[in-house]
Amino acid sequence: ETMKANKALSALQHKTRMMKALQSSRACMKEDMKERVAVQNKLHDICITMCKELGAFPEKCACPGYKDTTDKTPGVMTWDELLSYMDDVAEASATAIKGWKSLR
């Protein structure tokens, strides 16, 4: 009986040790991920600076996570911009008409 109790206790102690190790590992993984993100953000800024120095910014910049948001047609309205503007006009006019009708 003592042997069975010792085996059960040993298994429980082993399981407890494994759970503590797993929790410690998860904490280390979270800290590691924070450090990786910080390094990646710093490198991203350096990459963009390098692209600017090489004259590849913004059109040919191949930095990870970089998305070119510059206006490709300055001073010219594209169809997407026109449709968006017309949606805004329709929404504003509907709101104005509702306001006028409520004044009656």
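Participant: Can you explain the overall build of the protein? Please cite residues and give values.
Facilitator: Of the regular secondary structure elements, the protein holds two helices and zero strands. Seen along its three principal axes, the alpha-carbon backbone of the protein occupies a region of about 90 × 60 × 20 Å. Of all 104 residues assigned to the protein, the portion counted as buried reaches 7%. If the 17 positive side-chain charges of the protein are averaged to one point and the 14 negative ones to another, these points end up 15 Å apart.

Participant: Tell me about the state of the cysteines, and name the residues and values.
Facilitator: Taken as a whole, this structure holds one disulfide when the rule is applied. The thiol sulfur of cysteine 51 is not disulfide-bonded, and the nearest other cysteine sulfur, from cysteine 61, lies at 3.0 Å.

Participant: Any details on the packing of aromatic side chains? Residues and values, ideally.
Facilitator: Using the criterion set out here, one finds zero aromatic pairs in the structure. Stacked on the ring of phenylalanine 57, the Lys or Arg lysine 52 has its end atom at 4.9 Å from the ring centre.

Participant: Any chance you could break down the pattern of salt bridges for me, citing the residues and the numbers?
Facilitator: According to the stated counting rule, one finds two salt bridges in the structure shown. When the shortest N-O distance is used, the salt bridge between glutamate 31 and lysine 34 registers 3.7 Å. In this pair, glutamate 31 and lysine 34 both sit in helix 1 (residues 2-54), three residues apart, roughly one turn of the helix. Look at glutamate 31 and you get partly exposed, because its relative accessible area is 45%. Of the charged contacts in the structure, one is a salt bridge between aspartate 32 and arginine 36, with a shortest N-O distance of 2.8 Å. With aspartate 32 and arginine 36 both in helix 1, this residue pair falls four residues apart, about one helical turn.

Participant: Describe the nonpolar core, naming the residues involved and giving the relevant values.
Facilitator: The biggest cluster of nonpolar side chains holds five residues, and these are Cys47, Ile48, Cys51, Cys61 and Cys63. In contact with isoleucine 48, other than residues within four places in its own chain, are Phe57, Cys63 and Tyr66.

Participant: With reference to specific residues and values, describe a nonpolar patch on the surface.
Facilitator: Residues Met77, Tyr85, Met86 and Val89 make up a contiguous nonpolar surface patch of about 390 Å² in total accessible area. Residue classification places methionine 86 among the partly exposed positions, given a relative accessible area of 44%.

Participant: Can you explain the environment of lysine 67? Please cite residues and give values.
Facilitator: On the secondary structure map, lysine 67 appears in the loop between helix 1 and helix 2 (79-102). Each C-alpha atom of the pair lysine 67 and methionine 77 lies 21 Å from the other, and the pair is 10 residues apart in sequence.

Participant: Tell me about the environment of serine 93, residues and numbers included.
Facilitator: Among the secondary structure elements, serine 93 is positioned in helix 2. Within the local environment of serine 93, its side chain forms a polar contact with the backbone oxygen of alanine 90, the two atoms lying 2.9 Å apart.

Participant: Explain unusual backbone geometry to me, using residue names and the numbers behind them.
Facilitator: Across the junction of phenylalanine 57 and proline 58, the peptide omega takes the value 0°, indicating a cis bond. Inspection of the secondary structure assignment puts proline 58 in the loop between helix 1 and helix 2.

Thresholds applied
Residues numbered from 1 in each chain as written. Predicted model: local features only at pLDDT ≥ 70, side-chain atom pairs only at ≥ 80, totals over all residues. Heavy atoms only, no water. Helix = DSSP H or I, 4+ residues; strand = E, 2+ residues; numbered from the N terminus. Buried < 20%, exposed > 50% of the residue type's maximum accessible area, 1.4 Å probe, protein only. Lys, Arg positive; Asp, Glu negative; His and termini not counted. Charge placed at Lys NZ, Arg CZ, Asp CG, Glu CD. Disulfide = S-S within 2.5 Å. Phe/Tyr/Trp six-rings, centres within 6.5 Å; stacked < 30°, edge-to-face > 60°. Lys NZ or Arg CZ within 6 Å of the ring centre and 35° of its normal. Salt bridge = Lys/Arg side-chain N within 4 Å of Asp/Glu carboxyl O. Core = buried A, V, L, I, M, F, W, Y, C linked by side-chain atoms within 4.5 Å. Contact = heavy atoms within 4.5 Å. Patch = residues over 30% accessible without salt bridge, like charges linked within 9 Å, V, L, I, M, F, W, Y side chains within 5 Å. Areas by Shrake-Rupley, 256 points an atom, 1.4 Å probe, with all protein chains shown as cover. Polar contact = N/O pair within 3.5 Å; in protein donor to acceptor, adjacent residues only side chain to side chain.

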